[in-house]
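# Coordinates in review
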Amino acid sequence: MSSNRRDFLRVSALAGAALILEFHLPALAEANSLSIEPNAWIKVTSEGRYVFILDRAEMGQGVMTALPILLAEEFDIDPKKLEVENAPADTRYSNADLHMQITGGSTSVHASWLPLRNAGASARQLFIDAAALKWGCDAKLCTTNDGTVIGPDQKKIAYHQLIDFALKCKVKEAPLKDPKGFKFIGRVNERRENLVKVTGRATYGIDVRVDNVCVAMVLRAPCLGAKLKGFRADKIKSVRGFVGAFRISTGVAVVTKNTWLAKKARELLEVDWEIPAELQSSEGIRQQALREAKHRGSEVFRRGNFLKGFEGAEEQIEVVYECPYLSHSTMEPQNCTANVTENFCEVWAPTQSPALAHKVCRDVTGFDADKIRVNTTYLGGGFGRRLAQDYVREAVEISQAAGVPVRVQWTREDDMQYDLYRPCSYHVLRGGVSANNAVAWSHHVITQSIMSDLLPEWAPEMLMPNWMPAGMRNILGAGIGTVAPALMSDPTAFEGAGEDVAYAIDNISVTYSKLTTGVPVGFWRSVGHSYTGFVVESFIDELAHMAKVDAVEFRVKLLSQNPELRETLLQASHAAGWANPLPPNCFRGVAAHSSFRSHAATVAEVQITGDSFKVTRIVTAIQCGRVINPDMVRAQIESATIFALSAALYGEITWNEGRVQQSNFHNQPVLRTSECPQIDVVLVKSDSAPTGVGEPGVPPVAPAVANAIFKGSGKRLRTLPLRLGT
Amino acid sequence: MIRFVLNGSPVEVKVEDDMPLLWVLRDELNMTGTKFGCGMSLCGACTVHLDGIAIRSCVTPCSAVEGKKVTTIEALSNGDKLHALQKAWMAENVPQCGYCQSGQVMQAASLLASNPAPSDEEIDAAMQGNICRCGTYPRIKKAIRAVVRGEFK
């Protein structure tokens, strides 16, 4: 049974057994006000307020617009009539794909598609039943239109006028609409929060202002492995509004009343650190990878007989690809506001997971679950950064120590140097070509495991059933968390390069070696696909070149087992005019990659003059099932393109003496408006259930550009960022 | 004590002379529409108008605005009447996460106030200092061009 259905039945069983009734005791103006919550996502009040509970984090990807539409469509009410409130941390809001309340993996619309539609349909049925009860007629004679029940003799009544009768009815399952009848899905393009975002009125984590809030900055370890020995804050006493300096898990926090003063105060801290004898460096990490490359690694996927196929091939090639660590660099630096009193802990955070934030609050304070409240704000960028809750932990520790409400504020330098990075990776590839076709492919992926680091923290939330008491979940989960990393191979490390390689090559061998470097790593938009996409799509291009076959044609022939990706590739190449002539010094490259249940193909046009190149156009086709908001899907592909291009041209976090060498946008640049190519997006038509949109546009961009550069210069770039001149 | 005119009204704030205007706005006056992105005038999120011209408030000490007029995103619209750029921004669905957009709009408004018909190159040059990590550059340019063409008032 799909977990979508299981969650829905659990919710409706609860609702059926004891319909949640909120009877508001009258504040004078609201005498006899009633409200009803037919399910976890919609609340209706007798004053005519229809409140949608949004259980995913809005970080620009558009869930705040898309998710209410899913419910509104089946509820039969114009989504414009819905107000939106963010959900609290609550197991009812678990993401059906990821098994906890979390936004990521491009799953929001996919995982909510049926649960929200079912919730809307059953809520609509509830009000139909309520009207039938009120009118004493058969419910089958009633229908609805935009929040109104229409009965026999054209009687009409709005849903919110039926609450008293609805409270007497049972919530039950109801059939879903035929997609042909969709009024909103596929037709609404306007972002819900445009107005607040263009007028500066959207409240991000950094904007939360609670009474008497102080501001903290943390002085963190100067290098990997440094241990705090002690500190002195004598010089800080002169800073206006200084509250105190406190030791916390990540370093020393100074608390004042103003961000600027907190920064000043931090500069005056005197801290003693114990520095380890050996300090990590990019060169050291590379040497580690080279040592791993001498071994085979553990098997990830095998088809046919690689060695036989390789040795028998007409032409053979063996090459190495390398990808760097990358920072997330959300526009809003990390922050969190916490107010910890003797018996209550409340946080306001730009978090991608209220569940994990809630857990961190429990872990730090020891409070029971109902003594903790997590408020999710708008996120000034996510990209996977906000799956980690380190900024929440800091805020809670500081507020607890200082006894005041505190906003912990990271500077851009903090943000860039204390990130959880997209792991660096080293790849050894061997390929064989015969008769214009790829006949053998081996890929040794050498990289860190994100899940090894995160599993102990995530396991209790993910693996324990929702009904299990929190304390028990923590105990059992911690046990699983310590054992599991040793047992499981982290699939995110080689996703896109293993069994899921799209090409029907007869002989394939994929192996994996885990790097352990001490560098904190985390999920970065498209995760493993962000580097496997580059490597696989560059290497297949190398094989196409060896086989003397056109890059699109070569891939199309090998995508016999992947009709969706093949179709997406054909649409991209068609839209780009693949065979059309180009202006002088302009060249095209292509890449096709499936990720997060979707399929994306990119054609890049690059202008090359000597040792410099400029990306002039990107055409991406995406197949992501049924599209809820077409213009917003286009916007996500534009977003993924620029994000990926930024990384491809500039992204590189390097280590020396245990420290990150980059600190701000001058030494870790990002793409600016004048470097932005023309971006054309093709939405491949599909009636399947919606699949991922936020991430799939990222993986094909870097390889499409690299492949174009090869076409134009004859130089195969196998490392990122892409640099033509040495 | 710093005295200046903020969004048309005189204000008086008792802060250190070297406190950047950004933190006077955000932390002393709780005007959080203007954002913090880098602290080094590299990203443009902190853009406000000083006597009508775009400046980066994260590196402008508040002493530099003594007696002058500061306009923030909160006052770009005239009460409920949105600035033409804000209307265009909405029509083009420009914002994604939206965090950089206060700065983008203020920068664009300053450009059009001094140059109502900029070329594409002039738009790029003026907007080059404003970073967007969500990739809204193409839509920002479309919105600015639409205003230049007179499609929004």
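Everything quoted here is computed from the prediction, not taken from an experiment.

## Quick notes on the environment of A:Ile508
Residues and elements named next belong to chain A. Within the element layout of this structure, Ile508 appears in strand β22 (residues 507-514). Ile508 sits 69 residues away from Val439 along the chain, and the two C-alpha atoms are 8.5 Å apart. Excluding its chain neighbours within four sequence positions, the residues that come into contact with Ile508 are Phe301, Arg302, Arg303, Phe306, Trp441 and Tyr503.

## Observations regarding unusual backbone geometry
All names here are of chain A. Look at the link from Leu720 to Pro721: it is a cis peptide, with omega at 0 degrees. Inspection of the secondary structure assignment puts Pro721 in the segment after α18 (701-713). The backbone of Gln154 shows a phi angle near 55 degrees, a positive value even though the residue is not glycine. With relative accessibility at 58%, the residue Gln154 sits in the exposed group. The phi angle at Asn212 is positive, at roughly 60 degrees, despite the residue not being glycine. The class for Asn212 is exposed, based on a relative accessible area of 66%.

## Considerations on helix α10 (residues 390-402) of chain A
Residues that lie three or four places apart on an α-helix share one face, since the helix turns once every 3.6 residues. All names here are of chain A. With 13 residues, α10 extends 18 Å from end C-alpha to end C-alpha; this agrees with the ideal 18 Å at 1.5 Å per step. Every buried residue of α10 is accounted for by Tyr391, Val392, Glu394, Ala395, Val396, Glu397, Ile398, Ser399 and Ala402. Trailing α10 by a residue or two, Gly403 shows a phi angle of about 70 degrees, which is positive.

## Some words on the nonpolar core
Across soluble globular proteins, nonpolar side chains have a tendency to be buried as a group. All names here are of chain A. Counting residues in hydrophobic clusters, the biggest one holds 221 residues, and the most contacted among them are Phe75, Phe613, Val705 and Leu722. Residue contacts for Phe75: discarding those within four places in its chain leaves Ile42, Val44, Tyr50, Gly120, Ala121, Ala123, Arg124, Phe127 and Tyr159. In terms of nonpolar packing, the next biggest core, distinct from the first, is built from 30 residues, Cys214, Val360, Phe367 and Val406 among them.

What counts, and at which threshold
Residues numbered from 1 in each chain as written. Chains lettered and ligands numbered in written order. Predicted model: local features only at pLDDT ≥ 70, side-chain atom pairs only at ≥ 80, totals over all residues. Heavy atoms only, no water. Helix = DSSP H or I, 4+ residues; strand = E, 2+ residues; numbered from the N terminus. Contact = heavy atoms within 4.5 Å. Buried < 20%, exposed > 50% of the residue type's maximum accessible area, 1.4 Å probe, protein only. Expected span 1.5 Å × (residues − 1). Core = buried A, V, L, I, M, F, W, Y, C linked by side-chain atoms within 4.5 Å.

None of this, on its own, says anything about what the molecule does.
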